[in-house]
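Listed here are the chains, written in short residue letters.
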Amino acid sequence: MSSYRIALNFEDGVTRVIDCGPKEKVLDAAFRQRINLPMDCSDGVCGTCKCRAESGRYDLGDDYIDDALSSDEAQSGLVLTCQMVPQSDCVVAVPVASTACKTGTARFGGKVAQVTGFAGAAFELVLEVAADAPGFLPGQYVNIGVPGSDQHRAYSFSSASGAARMSFLIKNVPGGLMSSWLATARPGDALDLTGPLGSFYLRPVTRPVLMLAGGTGLAPFLSMLEEMLRQGIDQPVHMIYGVTRDQDLVLVERLEDYARRLPGFSFTTCVADAATAHPRQGYVTQHMPAEVLHDGAVDVYLCGPPPMVEAVQKHVQAQGISPASFYYEKFVTSQPAPVAVAA
């Protein structure tokens, strides 16, 4: 392999993906790509460049002193970027804001390839992007400028990182700024994007996973499932996909395709509307059997509106179960950005 992709995730939610040679140190690769990671000595002595490797394989060598990085710190995943030589793609959490490293969110363009409407409930927006468009972590979002205005809206990627096309699942808000534009958008129309952003993204899959999607909160999970396919994940992965109305239940055939191709993946759908024709009426919490929580040995990912997030938190607490990890993202229609929390 000629190089590895290293995702630098800064504490302000900005992510920059850099290329790192198979024998190149992360600090050197970042500097080569004009990102000044924290450093002082660059010799493994001061500890200023200490970060956390969240995933991937790497070699730290033995050219640093214990005062800079103790053996306990190294075992817990802390690294010195001036010594870290990747042996695979990696995600590195940098404990400073991106602006402190003389970088920031990437700005890039895309052109509409396709807009698909779903019975007035949602749109799927597919964009053609340049080969040098920034990479992202599955689950993250991007800000998209609304043509003809000075406003933007935040949407989670539903596509795989590195693909020639980026896709987004967007709620249709009657009279909404972006929804009104999407209703008349045509192939070739240009859009400005800024990102990627967010701390809601797929971590290494080492135990069962429970995905809870509310409405168009399905989008980031589609991106995560693509990544799981790429990695060949075989852990049990279950999704509960809940919506308000029958027409809000979209892209179910795509989930069925993942269930055929991804070992261990299964999903359940439900509709809250009391007048639904769907066989499972109710909310996500009413269709969450105890076994999907694996007695706490589970990573929970949740993306949906604030009432859903709060209801799920209360439901899990009522079961007396503490998941190994709980990542969630709240979104409010027409607000510029979602709020992501990793617990």
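Residues numbered from 1 in each chain as written. Predicted model: local features only at pLDDT ≥ 70, side-chain atom pairs only at ≥ 80, totals over all residues. Heavy atoms only, no water.

**Q** Quick one: what's the story with the overall build of the protein, residue by residue and with numbers?
**A** From N to C terminus, the protein includes six helices and 19 strands. Seen along its three principal axes, the alpha-carbon backbone of the protein occupies a region of about 65 × 50 × 30 Å. Here the protein holds 343 residues, and the buried ones make up 51% of them. Relative to all contacts within the protein whose residues are 6 or more apart in sequence, the contacts with residues 24 or more apart total 68%. Computing the positive centroid from 26 side-chain charges and the negative centroid from 36, the protein places the two 6 Å apart. (Helix = DSSP H or I, 4+ residues; strand = E, 2+ residues; numbered from the N terminus. Buried < 20%, exposed > 50% of the residue type's maximum accessible area, 1.4 Å probe, protein only. Contact = heavy atoms within 4.5 Å. Lys, Arg positive; Asp, Glu negative; His and termini not counted. Charge placed at Lys NZ, Arg CZ, Asp CG, Glu CD.)

**Q** So, the side chain of Thr15: which residues are in play, and what are the values?
**A** Tracing the sequence through the fold places Thr15 in strand β2 (residues 15-20). We classify Thr15 as buried; its relative accessible area is 1%. Polar contacts involving the side chain of Thr15 include one to the side chain of Asn9, which spans 2.5 Å. Residue contacts for Thr15: discarding those within four places in its chain leaves Ala7, Leu8, Asn9, Leu137, Gln140 and Pro196. (Polar contact = N/O pair within 3.5 Å; in protein donor to acceptor, adjacent residues only side chain to side chain.)

**Q** So what's going on with the pairing of strand β12 (residues 165-171)? Which residues, and what values?
**A** With respect to burial, β12 is a largely interior element, five of its seven residues being buried. Looking at chain direction, strand β9 (residues 122-129) and β12 are connected through seven bridges and run antiparallel. Note that in β12 the partner of Ala122 across the bridge is Lys171. (Pairing = 2+ DSSP bridges.)

**Q** Please provide a residue-by-residue account of the sheet that holds strand β8 (residues 106-118), values included.
**A** Read across the sheet, six strands follow the order β11-β10-β13-β8-β9-β12 without closing on themselves; strand pairing throughout is antiparallel. Each having just a single partner strand, β11 (152-156) and β12 make up the two edges of the open sheet. Adjacent strand axes in the sheet meet at a mean angle of 40° when their direction is disregarded. Here strand β10 (residues 141-145) pairs with β11 via five bridges, running antiparallel. Paired with Tyr141 across the bridge in β11 is Ser156. (Axes fitted to C-alpha atoms, helices over the stretch in contact; angles between N-to-C directions.)

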